[in-house]
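# Structural overview for review
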Amino acid sequence: MVAACSEQNEGGQQQANAQPQATPVGTVTLEAQTVGLVEEMPGRTVAFRKADIRPQVDGIIKERNFTEGGIVEAGQQLYMIDQDVYLARVDAAQAELSRQRASLDQAVKTRTRYDPLVKSQAVSRQTYDDAVSAEAQGKAAVASARAELEQARIDLAYTTVTAPISGQISSSDYSEGSLVTANQAAKLTTITQLDPIYVDVTQAGGRLLKIKQAVKNGRIKGVDAGNIEVSLIIDATGAEYPQKGTLQFSDVTVNETTGTVRLRAVFPNPDGTLLPGMFVRGQVRQGRLEGAFLVPQKAVMRRPDGTAYSYVAVDGKVVSKDLQIEQSQGKNWLVSAGLEDGDQLIVDGIQRIGPGAAVAPQPVEAAADDGSAKPADDTAKAAE
């Protein structure tokens, strides 16, 4: 009897050893939340306004009235071109206008004298018609002379080259004594308005279409087309620009080469920190997604076809769940479908398990910035 009991105990121990042991894994409890959608897009800064200054009349530059690299105001005089020739043209045009007016006065008086005479047939009808025609020609000549005078005055005004916009002026390519010609290809200088400043970013056309459809279906909320906030990160320093911008518009066409759509935002730039042509990264707020989950990136795996999935602990067993990922946010993926509130997401020990495997969940704290997970307080105390 003793031998039989010994053999039975040994058989039971061997059967117990044959059963698989539960693999300890680290888990986090998921909670659905409302998450703001932030799309990071590459871009460049663009001047709010830029004006190349060119002469509109011929002449010699007499004066340059600005400091290179300084700030100029709209209407400020920049250059003075020699005015002597244009002053003479104004005087000549004025004299021609006076002469034509005198001729018109004489024509009017002649036609006035002929009015009663033609009725009494004291003068021929032909003579009267000639007088009327002379008066009409005189009026046309006066109008032409007046236009010539106005053109001469405009040319005279163009000898004073002024700033069309306010902004920072560049170096001058011409100095006093230089000969310039009207509408020449070479510019005298350039004025750039830096405050505010534009930022052009690009977004994949397909991504923009999905967001618009989600907004239309009500899945994404909180989108105000007239007040979409944009943040900025400067590539050169990696620092965030302190001022917030507002999205102005998006192009109505997709770039055929890159498949992207251009979005333009405007930013305050009171200190001139942003200069045209700088590479930046724009973070565009594109509404909020309700009932979403922030899942640590290390807990998400992908199949060869690119679909994403994660492991969840259910009643001590591993269950695989397919995920619908919207975008990345820091060290997390923003998941909009595939998970449920309260799921025990496996974040540690994924390499040692598979679907259906027995596991022993051990709660861990939320992932730190470096992506590491630490045991929860209760677990740590139990270990001690």
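Numbers given for residues are sequential positions, taken from 1 along each chain in its written order. Note on the predicted model: pLDDT of at least 70 is required for a residue's local features to be given, and 80 or more for side-chain atom pairs to be given and counted; whole-chain, interface and lining totals, by contrast, use all residues. The side-chain values count all of the structure's non-hydrogen atoms but skip hydrogen atoms and water molecules.

## What about the nonpolar core?
Counting residues in hydrophobic clusters, the biggest one holds 27 residues, and the most contacted among them are Val 72, Leu 78, Tyr 79, Leu 188 and Ile 191. By definition in these notes, contact holds between two residues if any of their heavy atoms fall within 4.5 Å. When neighbours within four sequence positions are excluded, Leu 78 is seen to be in contact with Ile 53, Glu 63, Arg 64, Asn 65, Phe 66, Val 72, Val 161, Thr 162, Ala 163, Ile 169 and Ile 191. Residues grouped as a nonpolar core are buried Ala, Val, Leu, Ile, Met, Phe, Trp, Tyr and Cys residues, joined through side-chain atoms within 4.5 Å. Note on classification: 1.4 Å probe, protein chains only; a residue is buried when its accessible area is under 20% of the maximum for its type, exposed when over 50%, partly exposed between these limits. Of all hydrophobic cores here, the second largest spans 17 residues; its members include Ile 228, Val 261, Leu 263 and Leu 274.

## Examining the sheet that holds strand 5 (residues 77-81)
Spatially, 6-5-3-8 is the arrangement adopted by the four strands of the open sheet, whose pairing is antiparallel. Across the chains shown, the open sheet's two edge strands, defined by having one partner strand only, are strand 6 (160-162) and strand 8 (179-180). At least two bridges found by DSSP between two strands are what make those strands a pair. Put simply, DSSP H or I for four residues or longer makes a helix, DSSP E for two residues or longer makes a strand, and each gets a number counted from the N terminus. Strand direction decides the pairing type here: strand 3 (residues 59-64) and strand 5, joined by three bridges, are antiparallel. Across the sheet, residue Arg 64 finds its bridge partner in strand 5, namely Tyr 79.

## Details of unusual backbone geometry
Here the amide bond leading from Asp 195 into Pro 196 is cis, since omega sits at 0°, within 30 degrees of zero. Within the element layout of this structure, Pro 196 appears in strand 9 (residues 189-204). Its identity as a non-glycine residue notwithstanding, Asn 183 has a phi of 60°, on the positive side. Note on placement: Asn 183 falls in the loop between strand 8 and strand 9.

## A short note on the confidence of the model for the protein chain
Model confidence for the protein chain is summarised by a mean pLDDT of 84, while 84% of its residues fall at 70 or above. Within the protein chain, helix 5 (residues 377-383) has the poorest average pLDDT of any element, 42, and strand 5 the best, 95. pLDDT is a residue-level measure of predictor confidence that goes from 0 to 100. Taken together, the stretch residues 367-384 has pLDDT below 50 and engages in 20 contacts with residues farther than four places along the chain or on a different chain.

## Considering the pattern of salt bridges
Throughout this description, the term salt bridge denotes a Lys or Arg side-chain nitrogen within 4 Å of a carboxyl oxygen of Asp or Glu. Using the criterion set out here, one finds 14 salt bridges in the structure. Asp 200 is paired through a salt bridge with Arg 262; the nearest N and O atoms lie 3.3 Å apart. Remark: Arg 262 occurs in strand 13 (residues 260-267) and Asp 200 occurs in strand 9; sequence separation between them is 62 residues. Judged by its relative accessible area of 13%, Asp 200 is buried.

## Focus on helix 3 (residues 125-158)
Given the number of residues in a helix, its expected span is that number minus one, multiplied by 1.5 Å. With 34 residues, helix 3 extends 50 Å from end C-alpha to end C-alpha; this agrees with the ideal 50 Å at 1.5 Å per step. When helix 3 is considered as a whole, its buried residues turn out to be Tyr 128, Ala 131, Glu 135, Gly 138, Val 142, Ala 145, Leu 149, Ala 152, Asp 155 and Leu 156. In this fold, the buried residues of helix 3 make contact with helix 2 (84-119) and strand 6.

## Some thoughts on the environment of Asp 91
In this structure, Asp 91 sits in helix 2. Here Asp 91 falls in the exposed class, since its relative accessible area comes to 54%. Residues Asp 91 and Leu 149, 58 residues apart in the sequence, show an inter-C-alpha distance of 8.4 Å.

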